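Descriptive structure summary
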Amino acid sequence: MSALAEALVDLDAVASNVRAITSVTGTSLMAVVKADGFGHGAVRVARAALRAGATWLGVTSVTEALALRDAGVTAPTLSWLHGPNDDFGTLIKSGVDVGVSTTTHLHAVADAVHLLGVPAMVQLKADTGLSRNGAAGDDWPELVAWARKYEREGGIRVRGVWSHLVDADLPGAPELSRQVATFEEALRIARSAGLDPDLVHLANSAAALSAPRTRFDLCRIGIALYGVDPLGATGPGEFGLHAAMTLRTSVINVKRVPAGTGVSYGPEHVTGAPTTLALLPLGYADGLPRAAGGRAEVWLGGRRCPIVGRIAMDQCVVDVGNLPVAIGDPVVVFGPAEGDQSPPTVVEWARWAGTNPHEILTGIGARVARDHLHERARTS
């Protein structure tokens, strides 16, 4: 390992997760590879997911969509978060479906079609309760009416109607039923206006695995694709998901200190007895949340050892007690259990930091090298 820290990405785990999820949902899957594949590498994750049976890819920007196309990934792709002045023409030419939530955006897509002379595939998003993107209330019938007008003129094709759920990770939450009903009404309005979408999709990872009524034609899989149980299990759980990323580093300094020694800034931690401290070259600039200091653990010397003191920008300190630790010893910050190793999971790190696993994974910085395991021939 030449870099000070490394994220190992197991593409076989990604493929296994696609197959495990498909066995539950029985639907087509959209592999969501936004934010550089949740920090795992969008292009490589996309190829692995497609090889395993995913039929769609999901991203949030022109830049992310074009990165896939530039890498030769030609699979159906939906890009859904845009400014009204984005380069819709390039998306259209690249065969990317455009997610549309407002008439302003729809008119901009129509203008791009007029300039290009090439029709656009769009997917209309309804706001069913999340109050973020999507059209709600009277805005939805207006959006549908304009979409139908443009479709009759031959400029666009409404390929999909979709929405996003509020709290699908809480099975049985009353909001889920309300959202499904709102979505079905939005779909009825669209069809009554003459639209005939090929794809209807609502379910995210949590809903896909736990709420069959949300599955419709396609399930959008984000965090579960990367092996994190969206319902909170810290290991494979009942769905057999496998963590795709292992974050590892090595010890770069070791010192024996007496009781009463302050550690890191503050200091917020003072040793209560003679102990050994190991320095790791990872900090919050690399994705270790500062808020996890004093709670988080790593796997070192055959056991879990606590991070003590504040996590700094570039480094953190681990109390290893009386373990015979040496410079260069390997450390697993988080990852799946292997053999007799039981390192912390990304779910545990999220809990220690008071956040979700998504933020931990997408926060792993550029100084951390990525090494993709089990990569095969290029696939589109």
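Fair warning: this is a prediction, and the values are worked out from it, not measured in the lab.

Reading the values: the criteria
Residues numbered from 1 in each chain as written. Predicted model: local features only at pLDDT ≥ 70, side-chain atom pairs only at ≥ 80, totals over all residues. Heavy atoms only, no water. Axes fitted to C-alpha atoms, helices over the stretch in contact; angles between N-to-C directions. Helix = DSSP H or I, 4+ residues; strand = E, 2+ residues; numbered from the N terminus. Left-handed = near helix turned anticlockwise from the far one by under 90°. Contact = heavy atoms within 4.5 Å. Buried < 20%, exposed > 50% of the residue type's maximum accessible area, 1.4 Å probe, protein only. Pairing = 2+ DSSP bridges. Right-handed = clockwise from strand over helix to strand, strands pointing away.

1. Thoughts on the packing of helix 7 (residues 139-152) against helix 8 (residues 174-192)
Taken N-terminus to C-terminus, the directions of helix 7 and helix 8 make an angle of 35°; their axes are 9 Å apart at the nearest point. In this structure, helix 7 crosses over helix 8, and the sense of that crossing is right-handed. Residues Trp140, Pro141 and Val144 of helix 7 pack against Ala186, Ile189 and Ala190 of helix 8.

2. With respect to the pairing of strand 10 (residues 245-250)
Along any regular strand the residues' side chains alternate between the sheet's two faces. Within strand 10, 5 of the 6 residues are buried, which leaves the element mostly enclosed by the surrounding structure. Relative to strand 10, strand 1 (residues 5-10) is paired through 5 bridges, and the arrangement is antiparallel. Residue pairing across strands places Glu6 opposite Arg248, the latter belonging to strand 10. Across 4 bridges, the pairing between strand 10 and strand 18 (residues 330-334) is antiparallel. Of the residues in strand 18, the one forming a bridge with Leu247 is Phe334.

3. Side note on the pairing of strand 3 (residues 56-59)
Where burial is concerned, the two faces of strand 3 agree: the one with Trp56 and Gly58 and the one with Leu57 and Val59 are both buried. Here strand 2 (residues 28-32) pairs with strand 3 via 3 bridges, running parallel. Counterpart to Met30 in the pairing with strand 3 is Trp56. Relative to strand 4 (residues 77-79), strand 3 runs parallel, the two sharing 3 bridges. The residue of strand 4 that forms the bridge with Leu57 is Thr77. Running through helix 4 (residues 62-70), the crossover from strand 3 to the neighbouring parallel element strand 4 is right-handed.

So, to be careful, I would describe these as geometric facts and stop short of saying anything about function.
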